[in-house]
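# Coordinate analysis (summary)
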Amino acid sequence: MEKLEAALAKAREMRRAAGDAPEIAPRRAVTRSLPTVGWTSALPEMSPQPARMERNRIAAFLGGRDAVPYDMLRSRTIRILKEKEWSRLAITSPGAACGKTTVALNLAISLARQKDLKVMLIDLDLRRPSLHKVLGHNVKNSFHQVLDEQIPFEEQAMRIGDNLIVAMNATPSRHPAELLQASRTGEILDEIERKWQPDVMLFDMSPMLASDDNVGFLGNVDCALLIAAAESTTMPNIDICEKELAQLTNVLGVVLNKCRYADASMGYDYTSYG
Ligand SMILES: Nc1ncnc2c1ncn2[C@@H]1O[C@H](COP(=O)(O)OP(=O)(O)O)[C@@H](O)[C@H]1O
Ligand SMILES: [Mg+2]
């Protein structure tokens, strides 16, 4: 763990010294005046089953000791978002099955436990959408149809409680790369953000090494978290992806997931953050 942290810090330092980290132009902040009370009331409610949440490792939903690492991740995330006036955070990983969806949903639920925060979680892994499966909800429509301008956002968005909105996909998109890179996608997200004024928008993305879906999209977010799986992601792959991410957006940190030697029973720890 410490070795990995030191290796990442060294790689980052070398990149900085080589002038390899471009300035990321800030996005224009959205004015937020909508109150949290009643924020989601127009949307249909979804009530995830605790047994399914336990099976799918959504500890933040259940609370208790296993939720603590996610609460820590939440606190650090909020601190940085507030400090930098950022709202959009993408969650990606080098390869598949590192735990992006698991971390994204846990973080969204943990954030939404702060009742003054309006939180939105959007499934943008348009090749292998899985948020609906983890939540155990049979969705009829898909968020990619919103990006394709076939349906309005409100026709597929659902709420969990009063201050968390989730946008899921019933099916994969037939043209994920084109959709994610389209400039219209950026405009649609801006329209959603202007209308709903979420304090935090989380995007559950596809893996970086499997396709270039994320490359054109990441200019639409303020920052990104890279999720690595302790047992399967190699150090060179973490380094390659962190470097590529840093060219596209601000890297909030690297989360080492599936970590058997971490204290928490969820097997999750930070390698580096901020
Ligand atoms: N910390 C963890 N410890 C053990 N298994 C995990 C952990 N995080 C996620 N998983 C499991 O790994 C699998 C892939 O996780 P998922 O979040 O779907 O990954 P991704 O979205 O990156 O493809 C799921 O079965 C999930 O329950
Ligand atoms: Mg996923």
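## Observations concerning the side chain of Asp204
With respect to the element layout, Asp204 can be found in strand E5 (residues 200–204). In this structure, Asp204 is buried with no salt-bridge partner, the nearest side chain bearing the opposite charge being Lys100 at 6.0 Å. A distance of 2.7 Å separates the side chain of Asp204 from the side chain of Thr101, its partner in a polar contact. Excluding its chain neighbours within four sequence positions, the residues that come into contact with Asp204 are Ile91, Lys100, Thr101, Ala104, Ile122, Asp123, Leu124 and Asp125.

## With respect to the packing of helix H4 (residues 68–84) against helix H5 (residues 100–112)
Where H4 contacts H5, the two axes come as close as 9 Å, and the packing angle between them is 75 degrees. Looking at the two axes, H4 sits roughly perpendicular to H5. Of the residues in H5, those in contact with Tyr70, Asp71, Leu73, Arg74, Thr77 and Ile78 of H4 are Thr102, Val103, Asn106, Leu107, Ser110 and Leu111. Considered class by class, the residues forming the contact of H4 with H5 number six nonpolar, four polar and two charged.

## Things to note about the nonpolar core
Leu121, Leu135, Leu164 and Val166 are the most contacted members of the largest nonpolar core, which has 42 residues in total. Tallying contributions element by element places H5 first for this core, with eight residues. In this view, Leu135 contacts Met46, Pro48, Arg52, Met53, Leu105, Ile160, Val166 and Met168; residues no more than four positions away in its chain are not counted. Counting 38 residues, the second-largest nonpolar core is a separate cluster that includes Val221, Ala228, Ile238 and Leu256.

## Quick word on unusual backbone geometry
Although it is not a glycine, Gln197 adopts a positive phi angle of roughly 50 degrees. Within the secondary structure layout, Gln197 lies in the loop between helix H9 (183–196) and E5. For Lys258, which is not a glycine, the phi torsion comes out positive at approximately 55 degrees. Along the polypeptide, Lys258 turns up in the loop between strand E7 (250–257) and strand E8 (268–273).

## Overview of H4
For H4, spanning 17 residues, the distance from its first C-alpha to its last is 24 Å, which sits close to the expected 24 Å at 1.5 Å a residue. Pro69, Tyr70, Asp71, Leu73, Arg74, Thr77, Ile78, Ile80 and Leu81 are the residues of H4 that are buried. Glu85, located one to two residues past H4, shows a positive phi value of around 60 degrees.

## Description of the state of the cysteines
Considering all chains together, one arrives at zero disulfides under this definition. Cys223 forms no disulfide, and the closest cysteine sulfur to it belongs to Cys241, at a distance of 17 Å.

## A word on H5
The end-to-end C-alpha separation of H5 is 18 Å, in line with the 18 Å expected for 13 residues at 1.5 Å each. With respect to burial, H5 is a largely interior element, twelve of its 13 residues being buried. Residues of H5 that are buried include every one of Lys100, Thr101, Val103, Ala104, Leu105, Asn106, Leu107, Ala108, Ile109, Ser110, Leu111 and Ala112, and no others.

## So, the packing of aromatic side chains
One pass over the full model with this rule turns up four aromatic pairs. When the centroid spacing of 5.6 Å and the interplanar angle of 70 degrees are considered together, the rings of Phe203 and Phe217 count as edge-to-face. In this pair, Phe203 sits in strand E5 while Phe217 sits in the loop between E5 and strand E6 (223–229), placing the two residues 14 residues apart along the sequence. Members of the aromatic cluster, joined through ring pairs, are Trp39, Phe143, Phe153 and Trp196.

## Quick notes on the pattern of salt bridges
Here the structure, examined in full by the defined rule, presents 14 salt bridges. Across the pair Glu45 and Arg159 runs a salt bridge whose closest N-O atoms are separated by 3.3 Å. Here Glu45, found in the loop between helix H1 (2–17) and helix H2 (50–55), pairs with Arg159, found in strand E3 (residues 158–160); they are 114 residues apart in sequence, far enough to count as distant. Note that Asp162 and Arg159 form a salt bridge whose closest N and O atoms lie 3.5 Å from each other. Look at Arg159 and you get buried, because its relative accessible area is 14%. Within the structure, one salt-bridge network assembled from shared partners comprises Arg32, Arg88, Asp190 and Glu193.

Rules of the game
Residues numbered from 1 in each chain as written. Chains lettered and ligands numbered in written order. Predicted model: local features only at pLDDT ≥ 70, side-chain atom pairs only at ≥ 80, totals over all residues. Heavy atoms only, no water. Helix = DSSP H or I, 4+ residues; strand = E, 2+ residues; numbered from the N terminus. Buried < 20%, exposed > 50% of the residue type's maximum accessible area, 1.4 Å probe, protein only. Lys, Arg positive; Asp, Glu negative; His and termini not counted. Salt bridge = Lys/Arg side-chain N within 4 Å of Asp/Glu carboxyl O. Polar contact = N/O pair within 3.5 Å; in protein donor to acceptor, adjacent residues only side chain to side chain. Contact = heavy atoms within 4.5 Å. Axes fitted to C-alpha atoms, helices over the stretch in contact; angles between N-to-C directions. Parallel < 35°, antiparallel > 145°, perpendicular 65-115°, else oblique. Nonpolar A, V, L, I, M, F, W, Y, C, P; charged D, E, K, R; others polar. Core = buried A, V, L, I, M, F, W, Y, C linked by side-chain atoms within 4.5 Å. Expected span 1.5 Å × (residues − 1). Disulfide = S-S within 2.5 Å. Phe/Tyr/Trp six-rings, centres within 6.5 Å; stacked < 30°, edge-to-face > 60°.

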